[in-house]
Amino acid sequence: MLERGIRTYFYKKAKALGFLAYKFKSGVTGVPDEILIIPGKVAKVYFIELKRPEGGVTSERQELMHSILKRHGVSVFTVNTKEYVDRFFALLEVEKCRK
């Protein structure tokens, strides 16, 4: 499966759960390509790096930018399989139910 397949699956899953997912173009190399917003009184925002399952690895620049974002309290995830997409959204659903 290509990254495109993971992206399509990710977007369908987000929409089905009532979340907002957008392609994100920051203009800065290494910043994740997708942004996920969970609407609510206090919305949650996640940056998502989508990769293909086989051979899709984050570059050094991406790793650097992910660590910078995380140090600033930003949630950043790398997702590379449909199974991981499912686990990721299941985790968000559990978190949503705790509120």
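Basis of the calculations
Residues numbered from 1 in each chain as written. Predicted model: local features only at pLDDT ≥ 70, side-chain atom pairs only at ≥ 80, totals over all residues. Heavy atoms only, no water. Pairing = 2+ DSSP bridges. Helix = DSSP H or I, 4+ residues; strand = E, 2+ residues; numbered from the N terminus. Axes fitted to C-alpha atoms, helices over the stretch in contact; angles between N-to-C directions. Contact = heavy atoms within 4.5 Å. Buried < 20%, exposed > 50% of the residue type's maximum accessible area, 1.4 Å probe, protein only. Core = buried A, V, L, I, M, F, W, Y, C linked by side-chain atoms within 4.5 Å. Salt bridge = Lys/Arg side-chain N within 4 Å of Asp/Glu carboxyl O. Lys, Arg positive; Asp, Glu negative; His and termini not counted.

Caption draft 1: Seen up close, the sheet that holds strand S1 (residues 20-23). Pairing within the open sheet is mixed, and its four strands lie in the order S1-S2-S3-S4. Where the open sheet ends on each side, the last strands, each with one partner, are S1 and strand S4 (75-79). Each strand axis lies, on average, 25 degrees off the axis of its neighbour in the sheet, ignoring direction. Two elements, strand S2 (residues 34-38) and strand S3 (residues 44-50), share five bridges in a ladder whose sense is antiparallel. What sits directly across from isoleucine 35, in S3, is phenylalanine 47. The strands touched by helix H1 (residues 3-16) are S1, S2, S3 and S4; relative to S1, the strand with the most contacts, the crossing angle is about 150 degrees. Here helix H2 (residues 60-71) sits on the sheet in contact with S3 and S4, set at roughly 145 degrees to S4.

Caption draft 2: Just the pairing of S2, in detail. Within S2, four of the five residues are buried, leaving the element largely enclosed by the surrounding structure. Where S1 and S2 come together, four bridges link them in antiparallel fashion. Bridge pairing in S2 places leucine 20 opposite isoleucine 37. From the end of S2 to the start of S3, which pair antiparallel, there are five residues.

Caption draft 3: Structural detail: the environment of tyrosine 84. Within the secondary structure layout, tyrosine 84 lies in helix H3 (residues 82-98). The sequence separation of tyrosine 84 and phenylalanine 10 amounts to 74 residues, and the corresponding C-alpha distance is 9.8 Å.

Caption draft 4: Geometry of the nonpolar core. Among the nonpolar cores identified, the biggest contains 15 residues, and Phe10, Phe19, Leu36, Ile48, Phe88, Phe89 and Leu92 are the most heavily contacted of them. At the level of elements, H1, S2, S3 and H3 are the ones that each hand at least two residues to this core. Sequence-distant contacts of phenylalanine 89, that is, excluding residues within four places in its chain, are made with Phe10, Lys13, Ala14, Leu17, Phe19 and Leu36.

Caption draft 5: The pattern of salt bridges, seen in detail. Evaluated as defined, the whole model comprises four salt bridges. Among the salt bridges present, the one from glutamate 34 reaches arginine 7, with a minimum N-O distance of 2.9 Å. Taken together, the residues glutamate 34 in strand S2 and arginine 7 in helix H1 connect sequence positions 27 residues apart. Residue glutamate 34 is classed as buried on the basis of its relative accessible area, which comes to 0%. Glutamate 34 is the salt-bridge partner of lysine 23, the closest N and O atoms lying 3.6 Å from each other. In this pair, lysine 23 is assigned in strand S1 and glutamate 34 in strand S2, connecting sequence segments eleven residues apart.

Caption draft 6: Here's a closer look at the side chain of glutamate 49. Note that glutamate 49 resides in strand S3. Among buried charged residues, glutamate 49 stands out as having no salt bridge; its nearest opposite-charge side chain is lysine 51, 4.0 Å away. Setting aside residues up to four positions removed in sequence, glutamate 49 forms contacts with Gly30, Val31, Pro32, Asp33, Thr58, Gln62, His66, Phe77, Thr78 and Val79.

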